[in-house]
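# An overview of the molecular structure
The primary structure of each chain is shown beneath.
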Amino acid sequence: MAMTDVAAAGEHRGAWPFDIRPLSGLMAAEILDLDLAQPVGDAMRDSILAALNRYKVLAFRNQTLTAAAQAAFTRRFGELEPHVNRDFRSEGIPEVHPVNNLDENKRPSRGIKNIGNYAWHTDKSYMARPSLATLLYAVQLPPAGGDTEFADLQAAYDALPEERKRSLEPLRVVHSWERSRQKSGSKLATEDEKRDAPPVVHPLVRTHPATGRKGIYIGNHTSHVEGWPVEKGEALLADLLDFATQERFVYRHQWRSGDMVMWDNRCLVHRAIANFEMAKHARVLNRTVVRGDVPV
Ligand code: OGA
Ligand code: MN
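An account of the accompanying structure is given in this report. Computed from a prediction, not measured in an experiment: that's the story for all the values here. (Residues numbered from 1 in each chain as written. Chains lettered and ligands numbered in written order. Predicted model: local features only at pLDDT ≥ 70, side-chain atom pairs only at ≥ 80, totals over all residues. Heavy atoms only, no water.)

What follows is about the pairing of strand E15 (residues 284–291). Regular strands have side chains that alternate between both faces of the sheet. With respect to burial, E15 is a largely interior element, 7 of its 8 residues being buried. Of the pairings in the sheet, the one linking strand E5 (residues 131–140) to E15 comprises 8 bridges and is antiparallel in character. Considered in E15, the bridge of Tyr137 is made with Asn286. (Buried < 20%, exposed > 50% of the residue type's maximum accessible area, 1.4 Å probe, protein only. Helix = DSSP H or I, 4+ residues; strand = E, 2+ residues; numbered from the N terminus. Pairing = 2+ DSSP bridges.)

With that settled, the discussion passes to empty space enclosed by the protein. For the structure on display, the rule yields 1 cavity of 30 Å³ or more. Within this model, the largest cavity holds a volume of roughly 210 Å³. Contributions of two or more residues to the lining of the largest cavity are made by strand E4 (97–100), E5, strand E14 (268–272) and E15. Here the lining of the largest cavity gets 3 residues from one element, more than from any other, and that element is E14. Within the lining of the largest cavity, the residues separate by chemical class into 7 nonpolar, 8 polar and 5 charged. (1 Å grid on protein atoms, 1.4 Å probe; cavity = no way out; pocket = protein on both sides within 12 Å on 5 of 7 lines; lining within 4 Å. Points joined across faces, edges and corners; volume = space filled by probe spheres on them. Nonpolar A, V, L, I, M, F, W, Y, C, P; charged D, E, K, R; others polar.)

This part covers unusual backbone geometry. In the Ramachandran plot, Asn62 falls in the positive-phi region, its phi being about 60 degrees despite a non-glycine side chain. Within the secondary structure layout, Asn62 lies in the loop between strand E3 (57–60) and helix H3 (67–75). Since its relative accessible area comes to 61%, Asn62 is described here as exposed. Despite not being glycine, Lys106 has its phi angle at roughly 65 degrees, a positive value. Topologically, Lys106 is positioned in the loop between E4 and E5.

Keep in mind these values describe shape, not function.
See the structure below:
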């Protein structure tokens, strides 16, 4: 090994208490040597958070996690949330949401389930305190495909002309579970769900609480721009989402067995990709969500 390689390897090892490798030039990294079923101390928790702030998507490889172990790991990062949609509260642990394409007989379903997951969104932006992070653990994967895409809303913001940034800065956006369900063609929100999640308003340009970086805070849960005619606001938001989800801002995660993927909802939108035979193969994930701060 050349001296420079040794130095680079040493620096890399010194920076993080785990073996972490970038998955793309834009964002996302894999962590190869942690067992998340073991207790995670404060220092390790802080390093994982630092890596999340740096890479936005972390794929912990080769995990074996029960729902209880996933909930325990997630709880190290804050408060867990149940799902607004009551169909998604699992019997055993209500904070672990089953994400799968199975019907009531546990067979791959003919129709698309969770259709809202296939539209670009950031988790729970329809809440006053949206999610800090989501953790998805692959329980069962199709033989190929079933990918998840992430788009970097900070990189997209950075790429806007300065004048455009200034014009967006003062705008505030209404996010709504009810509107989101309409837009994605999902089963419409029930009265209970609407009561649990009334519309909320967030700044269009959001400052990340840990890094101070700015990003456009948008996605399928947006309804309109506060104080603007609804259609004009919808058009702006659709335009921005198109801009932010161009290939140059996107990382596509191809799941491997044993993956636990954790992502930062404060600066990304994500979506599931229907690139597998859904009526034939099972795709089963367990999901936990950490509550975050009020966006500013
Ligand atoms: C989610 C989600 C995407 C996927 O669980 O919040 O959007 O690929 N999942 O299943
Ligand atoms: Mn989601």
